Amino acid sequence: MKINKIFFKNSKVLPIDKFFKNVLYDKKFGYYASRFPFGEKGDFITSPRISNLFSEIIAIWIVACWESFGKPKNFNIVELGPGDGSLSDTLLQSFKKFPEFNIIKKLYLYEESKYLRKIQKKKIKNNIKWINNFNEIKKGPVIFFGNEFFDAIPIKQFKKIKNSLFEKNYILDKNYKVKQIFKKASVSDSKIIKSYQVLKKLKFIEFPKLGLKELKKITNKISKLNGCILLIDYGYFKPNNQNTLQSVMKHKKNNLFSNLGAADITAHVNFKLLQEFFLKNNLKTKDLISQKEFLENMGILERAKIVAKKMKFTEQSDLYLRIQRLLSPRYMGELFKVILAYKFNNDNFAGFK
Ligand SMILES: C[S@@+](CC[C@H](N)C(=O)[O-])C[C@H]1O[C@@H](n2cnc3c(N)ncnc32)[C@H](O)[C@@H]1O
């Protein structure tokens, strides 16, 4: 139980986003500081490890963006939260098929965890840069993209009583157990939350303050240089007072407060809120779509047919099972959604109407 105390650092009470930030990203004891969470032997599996085709489709999407932007000579790509580096590793392989693009593109990785940076360095031996501050990007449009990036940034939760907001905080009891209490929300948080149309009628509110802080840096950059952001994640279009915090360990649901620092903790993404945020920050957005729609619009099924021609029957079955996992509404196809926000004078983006 002492581990619970560690995550409070020296505080007696913490808003839940700060608490879970310590649980996930504490430099010594945090979940992402020391363990490899990805794949069958880890806690969860993400699309780039389910099938390379997912990452190949993202590569084609990026090259198509560059063409829509008029093939600029300076072009920047930033992967947000690259995890084990699988996605960017495949991107770099795929970009070789587009030599004109391959020479000029600059790929940056944006990663919070030092441990995962090491893993990424080992996997991607190519010319690639890690970036802490987007000020380093000075010229040319910039594409930001992230798969399961936003769900990994801790959220705040509030309840509304009459018209006042109360924020969920955690405290430690005498037995080192984490208990929840609600405290009156700060004036500034209340003001921001009440400014969102999508949150207006809710009695229970999830608000990704830390995540939006990250997105604010990104929208500022896009506003200056032109560009876009593509986020793929699990989430919903319509908030419905749901508490979506969840903990997963070894591919199974875990009690939120068990195995702190050894289990992954995430929340579902409110895509309408993201859309409202981007519009407030003067970016345009495309209609929100599901992962199934996006990957199919990008031609994943046709690509799978081509790749399958060179395969043995058992490999073909494996490929189709994996594609099924990405596309089927029973698995990730509908639960996972895609948002694109952009600033540019051309509205043509592959994969979207
Ligand atoms: C669930 S993993 C997804 C990994 C990868 N994109 C994939 O699809 O397999 C979340 C990733 O986001 C990173 N991350 C979370 N918050 C971050 C932040 N504020 N800044 C940079 N990276 C962050 C994590 O360390 C991790 O690499």
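Residues numbered from 1 in each chain as written. Predicted model: local features only at pLDDT ≥ 70, side-chain atom pairs only at ≥ 80, totals over all residues. Heavy atoms only, no water.

Caption draft 1: Region of the structure containing the overall build of the protein chain. Check the secondary structure of the protein chain and you find 14 helices and 17 strands. Here the C-alpha atoms of the protein chain give a radius of gyration of 21 Å, agreeing with the 20 Å that 2.2 N^0.38 yields for 353 residues. Overall size of the protein chain, expressed as C-alpha extent along the three principal axes, is 60 × 45 × 40 Å. Residue burial in the protein chain is summarised as follows: out of 353 residues, 55% are buried. (Helix = DSSP H or I, 4+ residues; strand = E, 2+ residues; numbered from the N terminus. Rg over C-alpha atoms; globule rule 2.2 N^0.38 Å. Buried < 20%, exposed > 50% of the residue type's maximum accessible area, 1.4 Å probe, protein only.)

Caption draft 2: The packing of helix 10 (residues 209-225) against helix 11 (residues 271-280), seen in detail. The contact between helix 10 and helix 11 brings their axes to 11 Å, and the two run at 40°. You can see that helix 10 and helix 11 cross each other, and the crossing is right-handed. Facing helix 10, whose interface residues are L212, L215, K216 and T219, helix 11 presents L274, F277 and F278. Taken together, the residues that form the contact of helix 10 with helix 11 break down as five nonpolar, one polar and one charged. (Axes fitted to C-alpha atoms, helices over the stretch in contact; angles between N-to-C directions. Left-handed = near helix turned anticlockwise from the far one by under 90°. Contact = heavy atoms within 4.5 Å. Nonpolar A, V, L, I, M, F, W, Y, C, P; charged D, E, K, R; others polar.)

Caption draft 3: Spatial organisation of the sheet that holds strand 13 (residues 264-266). Taken in spatial order, the three strands of this open sheet run 12-11-13, and their pairing is antiparallel. Each edge of the sheet is formed by a strand with only one pairing partner; in this case those strands are strand 12 (252-254) and strand 13. On average, each strand axis in the sheet is tilted by 40° relative to the strand beside it, whichever way the strands run. Two elements, strand 11 (residues 246-249) and strand 13, share three bridges in a ladder whose sense is antiparallel. Note on strand 13: the bridge partner recorded for Q246 is T266. (Pairing = 2+ DSSP bridges.)

Caption draft 4: Spatial organisation of the nonpolar core. In this structure, I58, W61, I62, L230 and F294 are the most contacted members of the largest nonpolar core, which totals 50 residues. With 10 residues, helix 5 (residues 52-68) is the single largest residue contributor to this core. Excluding anything up to four places from it in sequence, I58 contacts L87, L91, F145, L230, I232 and F294. Of all hydrophobic cores here, the second largest spans 39 residues; its members include F144, I153, F158 and I222. (Core = buried A, V, L, I, M, F, W, Y, C linked by side-chain atoms within 4.5 Å.)

Caption draft 5: Region of interest: the pattern of salt bridges. Within the structure shown, the criterion is met by 14 salt bridges. A salt bridge links K71 to E100, with the nearest nitrogen and oxygen atoms 3.4 Å apart. Here K71, found in the loop between helix 5 and strand 2 (75-80), pairs with E100, found in helix 7 (residues 99-104); they are 29 residues apart in sequence, far enough to count as distant. Given the relative accessible area of 49%, E100 is considered partly exposed. Between R322 and D318 there is a salt bridge; the shortest N-O distance is 3.0 Å. With R322 and D318 both in helix 14 (residues 313-327), this residue pair falls four residues apart, about one helical turn. Ionic contacts of the salt-bridge type, sharing partners, join the residues D17, K156 and E167 into one network. (Salt bridge = Lys/Arg side-chain N within 4 Å of Asp/Glu carboxyl O.)

Caption draft 6: View of the site of the ligand. By nearness alone, 21 residues border the ligand, and Y25, T46, G81, E111 and N147 come closest of all. Between the ligand and G81 there is a distance of 2.7 Å, counted from a nitrogen atom to a backbone nitrogen or oxygen. For the ligand, an oxygen atom lies 2.5 Å from a polar atom in the side chain of E111. Its residues assigned to classes, the shell around the ligand comprises 11 nonpolar, five polar and five charged. (Near = heavy atom within 4 Å. Polar contact = N/O pair within 3.5 Å; in protein donor to acceptor, adjacent residues only side chain to side chain.)

Caption draft 7: Seen up close, helix 9 (residues 187-194). Looking only at helix 9, the buried set comprises D189, S190 and I193. Buried residues of helix 9, seen end-on, are gathered within an arc of 100° and therefore sit on one face of the element. More than 90 degrees from the buried face of helix 9, the exposed residues found are V187 and K191. On its buried side, helix 9 packs onto strand 6 (156-161), strand 7 (164-172), strand 9 (204-207) and helix 10. (Arc of directions from axis to C-beta.)

Caption draft 8: Representation of the packing of aromatic side chains within the structure. Taken as a whole, this structure holds 23 aromatic pairs when the rule is applied. For the ring pair Y342 and F349, a centre distance of 4.7 Å and an interplane angle of 50° mean the geometry is tilted. For Y342, a relative accessible area of 3% corresponds to the buried category. Owing to a relative accessible area of 5%, F349 belongs among the buried residues under this scheme. An aromatic cluster is present here, built from W66, F69, F75, F95, F101, Y342, F344 and F349 joined pairwise through their rings. (Phe/Tyr/Trp six-rings, centres within 6.5 Å; stacked < 30°, edge-to-face > 60°.)

Caption draft 9: Structural context of the state of the cysteines. Across all of its chains, the model carries zero disulfides by this definition. In this model C65 remains outside any disulfide bridge; the closest cysteine sulfur is found in C228, 4.3 Å from its own. (Disulfide = S-S within 2.5 Å.)

Caption draft 10: Geometry of the packing of helix 13 (residues 300-309) against helix 14. The contact between helix 13 and helix 14 brings their axes to 10 Å, and the two run at 170°. When the axis of helix 13 is compared with that of helix 14, the two are roughly antiparallel. Two packed elements cross with a definite hand, and for helix 13 against helix 14 that hand is right-handed. Facing I300, L301, A304, K305 and A308 of helix 13, the residues of helix 14 in contact are Q316, L319, Y320, I323, L326 and L327. (Parallel < 35°, antiparallel > 145°, perpendicular 65-115°, else oblique.)

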